[in-house]
There are 2 protein chains.
Amino acid sequence: MQGSTQGWSRLPAVVALDGDDTLWHNETAFAASHDRFRDLLGRHVDLPAAEVDALLLATERRNLSAYGYGVKGFTLSMVETAIAVTGGRIPAAEIQEILDLGRAMLAHPVELLDGVREAVDRLRAAGLPLWIITKGDLFDQESKIARSGLADLFQHVEIVSEKDPDTYGRLLERNGIPPRDFLMAGNSLRSDVLPVLALGGRAVHVPYALTWAHEVVDEAPTDGFATLDSLRDLPDLLGL
Amino acid sequence: MQGSTQGWSRLPAVVALDGDDTLWHNETAFAASHDRFRDLLGRHVDLPAAEVDALLLATERRNLSAYGYGVKGFTLSMVETAIAVTGGRIPAAEIQEILDLGRAMLAHPVELLDGVREAVDRLRAAGLPLWIITKGDLFDQESKIARSGLADLFQHVEIVSEKDPDTYGRLLERNGIPPRDFLMAGNSLRSDVLPVLALGGRAVHVPYALTWAHEVVDEAPTDGFATLDSLRDLPDLLGL
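Residues numbered from 1 in each chain as written. Chains lettered and ligands numbered in written order. Predicted model: local features only at pLDDT ≥ 70, side-chain atom pairs only at ≥ 80, totals over all residues. Heavy atoms only, no water.

Asker: Any chance you could explain the overall build of chain A here in plain terms?
Answerer: Looking only at helices and strands, chain A has nine helices and seven strands in total. For a compact globule of 240 residues, the expected C-alpha radius of gyration is about 18 Å, and chain A comes in at 19 Å, within 12% of that figure. Overall, the C-alpha framework of chain A stretches about 60 × 35 × 30 Å when taken along its three principal axes. Considering chain A as a whole, with its 240 residues, one finds that 54% of them fall into the buried category. Pairs at least 24 apart in sequence give 71% of the contacts found in chain A among residues at least 6 apart. For chain A, the computed accessible surface area is about 10,200 Å², with 50% contributed by carbon and sulfur atoms. With 22 positive and 36 negative side-chain charges, chain A shows a spacing of 4 Å between the two charge centroids. (Helix = DSSP H or I, 4+ residues; strand = E, 2+ residues; numbered from the N terminus. Rg over C-alpha atoms; globule rule 2.2 N^0.38 Å. Buried < 20%, exposed > 50% of the residue type's maximum accessible area, 1.4 Å probe, protein only. Contact = heavy atoms within 4.5 Å. Areas by Shrake-Rupley, 256 points an atom, 1.4 Å probe, with all protein chains shown as cover. Lys, Arg positive; Asp, Glu negative; His and termini not counted. Charge placed at Lys NZ, Arg CZ, Asp CG, Glu CD.)

Written as structure tokens, this is what we have:
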């Protein structure tokens, strides 16, 4: 454990956990699709892998305001990038391969991170109400929660389109939870930690091995929150 | 007004309204995209319009379990159908046209149906709490609600992935509303009327000029709910 837990002597009224890359693996599936996408484009153009990634990320970012987060928008951005990068030379059959890549991601088995089940069971045993607050596509996230086998262990599930202080603030107000009694744990500084700290809540950062470039924070703060190697250690952090 | 409003002498505790094709036009934009999609395929294959529509609908239905509802899934289904129907002969530049079609739908201005604003204002003036319960893509629906100019007039907005009795039941329970005190008005018998009647709630059907084939109910019931030509007439129906 690193970081500060000053003023954490009281238990929180609610412990909220992020979904993708906190409860279950996600970015690994995106990374595998990136690999296959680069291979596919490599049949037509000779570009360094880093350049293909940068072009795809630029398309994704440009499309965020139209598509939001999630696999369907990612698939559409892969198709668009492939058409642009090949100057329209990519055959339809290979565009179908990109659609298949996207569909495989949606059907990908939901694999819990190591220690998640143990942490959830210990938090529940201590009587702490648990929420999932996850960002992305409503349909895909609901499907992942259902397939995770965790749904019944959480008191509340909230799928949001963006994790900013406004979103967290509305959610806490609607449920009558003062921010200082709220704890959020997740893998993204940008989505799980900083907006919660901005509201006066408590945050625990549990980094994942991979981070989507869009979620990377340029100047990462290190103060005011705790950092854990694994969600398994969260009950200990709370003194349970 | 047609249909039955027996037992409606008490005002409901909540009036919930559907979004697409109840508050704002939606299916007209899909129909326009269907037209352009048929034109595009017409450059490559000689198929009757009805057959193209049937093939696209079959793809959409097959993909519902992976994509859910919404424009992004519809766009992916158009691309897939175009590749299949042309036997892979469609050039990438025309697939880009399909992506552009989808993006134009997402950016399409939100146009309220006639009488909606008047109905909402009268219901609010009578002190009735108003909800929006709408189905589809979280990001797209949030964007439409924001652009509709109606967001501040509703006490609660719920975006769901499917409108079935389970979904309505959970929503009412979470908000402490007995089904008999709940009234839902919308354009879809399948999504807005039948599941609410099944729970013991009240439903008002306000048909739209167009109905997506997937929402059509084979044997439409006519009993147990009211039918209005326009949402404008809802306050009168409730005796306001």
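Asker: How do you make sense of the side chain of E27 of chain A when you look at a structure like this?
Answerer: Of note, E27 of chain A is situated in helix α1 (residues 27-42). Among residues more than four places away in sequence, those in contact with E27 of chain A are D21, Y208, L210, T211 and W212 of chain A.

Asker: When you look at the relation of the copies chain A and chain B in this model, what are you seeing that I'm missing?
Answerer: Relating one copy of the chain to the other requires a rotation about an axis plus a shift along that axis. After a rotation of 180 degrees and a shift along the axis of 0.0 Å, chain A superposes on chain B with an RMSD of 0.0 Å. Taken together, the rotation and translation describe the operation of a two-fold axis. When C-alpha positions in chain A are compared against the rotation axis, the closest is assigned to L138 of chain A, at 2.8 Å. Comparing contact sets, 100% of the residues at the interface of chain A also lie at the interface in chain B, consistent with an isologous, same-surface contact. (Least-squares fit on C-alpha atoms with pLDDT ≥ 70 in both.)

Asker: When you look at the pairing of strand β2 (residues 14-17) of chain A in this model, what are you seeing that I'm missing?
Answerer: The side chains of a regular strand alternate, residue by residue, between the two faces of the sheet. Residue and element names in this part refer to chain A. Here β2 shows no split at all, with V14 and A16 on one side and V15 and L17 on the other all buried. As judged from the four bridges shared by β2 and strand β5 (residues 182-186), these two strands associate in the parallel manner. Paired with V14 across the strands is F182, a residue of β5. (Pairing = 2+ DSSP bridges.)

Asker: Hey, could you run me through the pattern of salt bridges in this one?
Answerer: Any two side chains of opposite charge can pair, on the condition that their charged atoms come close. Residue and element names in this part refer to chain B. Under the criterion given, the structure shown has 36 salt bridges over all chains. The closest approach of N and O atoms between D236 and R122, which form a salt bridge, is 2.9 Å. Taken together, the residues span a long stretch of sequence, with D236 in helix α9 (residues 234-237) and R122 in helix α5 (residues 116-125) at a distance of 114 residues. Since its relative accessible area comes to 29%, R122 is described here as partly exposed. With a closest N to O distance of 2.7 Å, K163 and D192 form a salt bridge. (Salt bridge = Lys/Arg side-chain N within 4 Å of Asp/Glu carboxyl O.)

Asker: Just checking my understanding: could you explain the domain arrangement of chain A for this structure?
Answerer: Interface size is commonly expressed as the accessible area that is lost once the parts come together. Residues and elements named next belong to chain A. Assigned domains of chain A: these are domain 1 (2-24 + 111-237) and domain 2 (27-107). Centre-to-centre, using C-alpha coordinates, domain 1 lies 29 Å away from domain 2. Counting residues at the interface gives 16 residues for domain 1, matched by 13 residues for domain 2. Carbon and sulfur atoms make up 54% of the area that domain 1 and domain 2 hide from each other, which totals about 1,200 Å². Summed over the shared surface of domain 1 and domain 2, the number is one salt bridge. As a salt-bridge pair, D137 and K72 come within 3.1 Å of each other at their nearest N and O atoms. The tally of links between domain 1 and domain 2 comes to five residue pairs in polar contact (both at pLDDT 80 or more). Here the residues of the side of domain 1 that touches domain 2 are counted per class, giving four nonpolar, four polar and eight charged. (Domains from an automatic or database assignment. Buried area = accessible area lost by both parts, 1.4 Å probe. Polar contact = N/O pair within 3.5 Å; in protein donor to acceptor, adjacent residues only side chain to side chain. Nonpolar A, V, L, I, M, F, W, Y, C, P; charged D, E, K, R; others polar.)

Asker: It is not clear to me how the environment of M78 of chain B should be interpreted in this structure. Could you clarify?
Answerer: Residue and element names in this part refer to chain B. Along the polypeptide, M78 turns up in helix α3 (residues 71-85). The buried category is assigned to M78, whose relative accessible area is 0%. Residues in contact with M78, not counting those within four places in the same chain, are F37, L56, I98 and L101.

Asker: Please explain the nonpolar core as it appears in this structure.
Answerer: Proteins that are soluble and globular tend to have nonpolar side chains buried together. Ranked by size, the top nonpolar core spans 62 residues in total, and within it V204 and L234 of chain A together with V204 and L234 of chain B carry the most contacts. Apart from the residues within four sequence positions on either side, L234 of chain B is in contact with V15, L17, L123, L183, A185, V204 and L228 of chain B. Y67 and L76 of chain A together with L76 and L106 of chain B belong to the second largest nonpolar core, which has 50 residues in total. (Core = buried A, V, L, I, M, F, W, Y, C linked by side-chain atoms within 4.5 Å.)

Asker: In this structure, what is going on with the interface of chain A and chain B? I would like to understand it.
Answerer: Each partner contributes to the interface: chain A provides 32 residues, whereas chain B provides 32 residues. The contact between chain A and chain B buries some 2,700 Å² in all, and 66% of this surface belongs to carbon and sulfur atoms. The interface formed by chain A and chain B contains eight residue pairs in polar contact (both at pLDDT 80 or more). Sorting the residues of the side of chain A that touches chain B by element identifies α2 (49-67), α3 (71-85), α4 (92-107), α6 (138-148) and β4 (156-160) of chain A as the ones contributing at least two each. Sort the elements by how many residues they give to the side of chain A that touches chain B and α3 of chain A lands first, with seven residues. By residue class, the composition of the side of chain A that touches chain B is 16 nonpolar, 10 polar and six charged.

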